[in-house]
Amino acid sequence: MSLPRIVPTPIAAAKEMPPERRPRRVAGEVLEAILPGPGRDRLARGEALVVTTGQQPGLFTGPLYTIYKAITTIAVSRRLERERGVPVVPVFWVAGDDHDFAEANHAWILDTAGEPARITLRERPAEAPLLPLARERCGAEVAAALDTLRRRTPDTEFKPGVLAWLEAAYRVEATLADAFSDALHALLGGRGLAVFRAHHPAAKRAMAPFLVRALAVTLQDGYSPVLLEATAGRDRLRVENGAFLTRRSGERFSRADLERVAVESPERLSPNVLLRPAVEAALFPTVAYAAGPSELEYFPRARPLYPVLGDGVEPQTPLARWSGVLLEGRVEKVLAKHGLTLDDLASPPGVLEARILRESLPPEVVGLFAQVREHLETDFGRLGAAIARIDPTLERTALGVRNAALGGTADLEKKVVAALKRANETLTSQLARARAAVYPAGAPQERVLTLASFLLRYGPSLMDALEDEVARWAGAS
């Protein structure tokens, strides 16, 4: 089976690379939190630069854009290393502190019929503490999730390898954060990606002093950029008269209390979304960050936090990650047959189908509908003017009759299109499947479907093709 065509959908043009930055060593505790592999080995050898990105863990590696972020860091790192003449290592920050289980507990695939299907691990009870994903185990439900993936996807020569890859990572006893880390490392570690587990005990010890410094900052909304795991789970801290109150559980902590937590239980502290890139810059010699659209928006708001963490902690340059669509042959055929673009598939279900069917109406019928509308407009215009000369109050009545006639004509046209639609069910189903592949659940493909859905169809050569495409985009090839 030939590979899908990779269609770039740029968030922004690939910019000039970031300004010069001085390489430095990475601390031993930070290295300890990186999974063993070529990326960690290169960082351990001495001074280097780093291109980072990050994402919360997700079931079966989550949506495609997570992988696109990782491949972007690889491409940008290679280009920078070639241009700067110093080691540049791509690092993926696994945000295992994140507690949004509803975002991490599922994966979307295309099933054997080409329809989007949601595989859900389980739901978290509403009253349950908001545990970090680093403490949320896959549990027995992961076996059922893997079985659903096996049963509902096409059988191909690549499927056993994809299932073995995910089964090795998503184990009953593994946390979602560790399972995600292992799967990402198995996929891209050999290509140079260093997978940093921000939830690892060594990482927690390394970032604790910087989180304590960040307690001095109060954000505009009155909260600290530091989060604490308390009785209700991971919680924001509201700053009040020099003390810190957890938002949900209402527990009160002094600064001394939190400093003690940083020493005795550093795993309970974590940065919020604004503080995280500043902490990255403190732990790593970061030169750039591969960011998605929302991250590009909040990076400027994070700048005041960097100097709080210490001298020499400088903001990294945010670069838009690569974005694209995997356009399968079956979808391309439908688009070519009807002269459509990817944007056409973004229209709500039914709109595109009606347009195509309307365009397929016999010219004679189209012409007659146009004539009827034209006559109604013209003739009723003359009739209304003539009536007004007899009785001005009847002009509005004539206008209402005209509008009713035009509405009835439109209704008749819709019924004709509906009749065509019933006679062209194949067209309707083809368009529905094409839309489902490109805009599953009404959202862009990269924000919904998981990579596994495509790997089991096309195999590891798809990763090579993606890496080549992103390298061209980044100027790294």
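Residues numbered from 1 in each chain as written. Predicted model: local features only at pLDDT ≥ 70, side-chain atom pairs only at ≥ 80, totals over all residues. Heavy atoms only, no water.

### Some thoughts on the sheet that holds strand E12 (residues 286-291)
Quick note on the threshold: When DSSP finds two or more bridges between two strands, those strands count as paired. Every helix listed is a DSSP run of H or I at least four residues long, and every strand listed is a run of E at least two residues long, numbered separately from the N terminus. Every axis corresponds to a line fitted to the C-alpha atoms, with the helix fit spanning only the stretch in contact, and the corresponding angles, defined between N-to-C directions, vary from 0 to 180 degrees. Working rule for contacts: check all heavy atoms of both residues, and any pair within 4.5 Å makes them a contact.
One open sheet holds the 5 strands; their spatial order is E6-E3-E2-E12-E13, and the pairing between them is parallel. Across the chains shown, the open sheet's two edge strands, defined by having one partner strand only, are strand E6 (194-197) and strand E13 (317-320). Taken over all neighbouring pairs, the strand axes of this sheet differ in orientation by 30° on average, direction set aside. Pairing between strand E2 (residues 49-55) and E12: 3 bridges, direction parallel. Each residue of the ladder has a partner; that of threonine 52, found in E12, is tyrosine 289. In the packing of helix H3 (residues 64-84) onto the sheet, the strands contacted are E2, strand E3 (88-94), E12 and E13, and the crossing angle to E2 comes to about 175°.

### Let's talk about the pairing of strand E7 (residues 223-230)
Using the following cut-off: For the exposure calls, accessible area comes from a 1.4 Å probe over protein chains only, and a residue counts as buried if that area is under 20% of its type's maximum, exposed if over 50%, partly exposed in between.
Counted residue by residue, E7 has 8 buried out of 8 residues, so it is predominantly covered. Inspection of the sheet shows E7 paired to strand E8 (residues 233-240) by 5 bridges, in the antiparallel sense. When the sheet's bridge partners are listed, alanine 230 is paired in E8 with glycine 233. Once E7 ends, the chain turns through 2 residues before running back antiparallel as E8.

### Comments concerning the sheet that holds E8
Sheet architecture is open: 5 strands sit in the order E10-E9-E8-E7-E11, paired in antiparallel fashion. At either margin of the open sheet sits one strand with a lone partner, and together these are strand E10 (252-253) and strand E11 (269-271). With 2 bridges joining them, strand E9 (residues 243-246) and E10 adopt antiparallel strand pairing. Its bridge partner lying in E10, phenylalanine 244 is registered against phenylalanine 253. Helix H8 (residues 201-214) rests against E7 and E11 of the sheet, and its axis sits at about 70° to E11.

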